Amino acid sequence: KGEKGSSEDNGMQLAVRLMNEQLRTLQDNFNKFKKIFIFSIGKEVGRKIFVTNGLEYDYETASRMCSRAGGLVASPKNADENLALQEIVSKHDKRSFLGITDLHTEGTFKYSTGGTITYSNWHSNEPNNDKGNEDCVELNTDGKWNDTSCTNKKLLICEF
Ligand code: GMH
Ligand code: CA
């Protein structure tokens, strides 16, 4: 290698070192942002993040808002996820909708993405389809599920 080659190598080494420093700064900032974000409005469970805006909407609006944000209405798939959601509804003292309905077939609760539910935490004697008008699911502050009317307004929690 001539002198030109080695000065190019030095330039490249410097560029890589600067990029590594910038990457580290970006990672530190992002990790700090994520901690603050989850502390204030969300919960992280495994690879999922649940987020609320603290406001209440009917199911159709909730579904549209989560979709527009690139997420889905929260659907707990296990006890850990259900507990994380329970903590959010308890903090806000407002029941939330789950992304689960029996709108398609009465009595068969499915995820908004399709497929019959694989985990549930129904309150005793629920779902009861009270007044024949309960196709959505709400999460109570005790973590239990109740079928309820989709036109009720419930706390918005999306998952990402
Ligand atoms: C009926 C009764 C209550 C129950 C509600 C609830 C409505 O009013 O069976 O005990 O809590 O329905 O399921 O969604
Ligand atoms: Ca009910």
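About the criteria used
- Each chain carries its own residue numbering, running from 1 in the direction its sequence is written.
- Key to labels: chains lettered from A, ligands numbered from 1, both in the order written.
- Only residues with pLDDT of at least 70 get local features here, since the model is predicted, and only at 80 or more are side-chain atom pairs given and counted; chain-wide, interface and lining totals rely on the full set of residues.
- Side-chain calculation: all heavy atoms of the structure are included, whereas hydrogens and water are not.
- Each metal site is built from N, O and S donor atoms within 2.8 Å (3.2 Å for Na, K and Ca), and since water is not included, such sites may look incomplete.
- Comment: elements are numbered from the N terminus, with helices defined as DSSP H or I runs of at least four residues and strands as E runs of at least two.
- Exposed residues in this analysis have more than 50% of their type's maximum accessible area, buried residues have under 20%, and partly exposed residues fall in between, with area computed by a 1.4 Å probe over protein chains only.
- In what follows, salt bridge is the name for a side-chain nitrogen of Lys or Arg lying within 4 Å of a carboxyl oxygen of Asp or Glu.
- Contacts: residue pairs with any heavy atoms within 4.5 Å of one another.
- A pair of Phe, Tyr and Trp rings is counted when the ring centres sit within 6.5 Å of each other, with Trp represented by its six-membered ring. The angle between the planes then sorts it: under 30 degrees is stacked, over 60 is edge-to-face, the rest tilted.
- Each ring is checked for a lysine NZ or an arginine CZ that lies within 6 Å of its centre and within 35 degrees of its normal; such an atom marks a charge sitting over the ring.

J.: Help me understand the coordination of the calcium ion (ligand 2) in this model?
T.: Metal coordination angles have textbook ideals: 109.5 degrees for a tetrahedral set of four donors and 90 or 180 degrees for an octahedral set of six. At 2.2 to 2.6 Å from the calcium ion (ligand 2) lie its protein donor atoms, namely Glu126 (OE), Asn128 (OD1), Glu134 (OE), Asn146 (OD1), Asp147 (O) and Asp147 (OD). Read in sequence order, the donor residues coordinating the calcium ion (ligand 2) give the pattern E-x1-N-x5-E-x11-N-D. In this pair, Asn128 sits in the loop between β5 (108-111) and β6 (136-139) while Asn146 sits in strand β7 (residues 145-148), placing the two residues 18 residues apart along the sequence. A relative accessible area of 38% places Asn128 in the partly exposed class.

J.: For this particular structure, what's the right way to read the pattern of salt bridges?
T.: Note on pairing: side chains with opposite charge can pair once their charged atoms come close. Under the criterion given, the structure shown has seven salt bridges. One salt bridge connects Asp130 with Lys131, and the closest N-O pair in it is separated by 3.5 Å. For Asp130, a relative accessible area of 36% puts it in the partly exposed group. The network of salt bridges with shared partners includes Lys48, Glu81 and Glu159.

J.: Mind showing me how you'd approach the side chain of Ser96 here?
T.: With respect to the element layout, Ser96 can be found in strand β4 (residues 96-105). On the basis of relative accessible area, Ser96 is assigned to the buried category, the value being 1%. In this structure Ser96 touches Val89, Val137, Glu138, Leu139, Lys154, Leu155 and Ile157, once residues within four positions along its chain are discounted.

J.: Help me understand the environment of Thr105, please; the structure alone is not making it clear to me.
T.: If you trace the backbone, Thr105 turns up in strand β4. Residue classification places Thr105 among the partly exposed positions, given a relative accessible area of 34%. Separated by 30 residues in the primary sequence, Thr105 and Asp135 have C-alpha atoms spaced 9.3 Å apart.

J.: It is not clear to me how the environment of Gly132 should be interpreted in this structure. Could you clarify?
T.: As for its position among the elements, Gly132 is in the loop between β5 and β6. Along the backbone, Gly132 and Gly99 are 33 residues apart, and their C-alpha atoms lie at a distance of 20 Å.

J.: For this particular structure, what's the right way to read the packing of aromatic side chains?
T.: Aromatic ring pairs are described here by two measures, namely the spacing of the ring centres and the angle between the planes. This structure, assessed with the given rule, holds five aromatic pairs. Ring centres of Phe33 and Phe37 lie 6.1 Å apart, and the angle between their planes is 20°; on these two criteria the pair is classed as stacked. Of the two residues, Phe33 and Phe37 both sit in helix α1 (residues 3-41), four residues apart, roughly one turn of that helix. Classification of Phe37 as partly exposed rests on a relative accessible area of 27%. Here the basic side chain of Lys77 rests over the ring of Tyr111, its NZ or CZ set 4.4 Å away from the ring centre.

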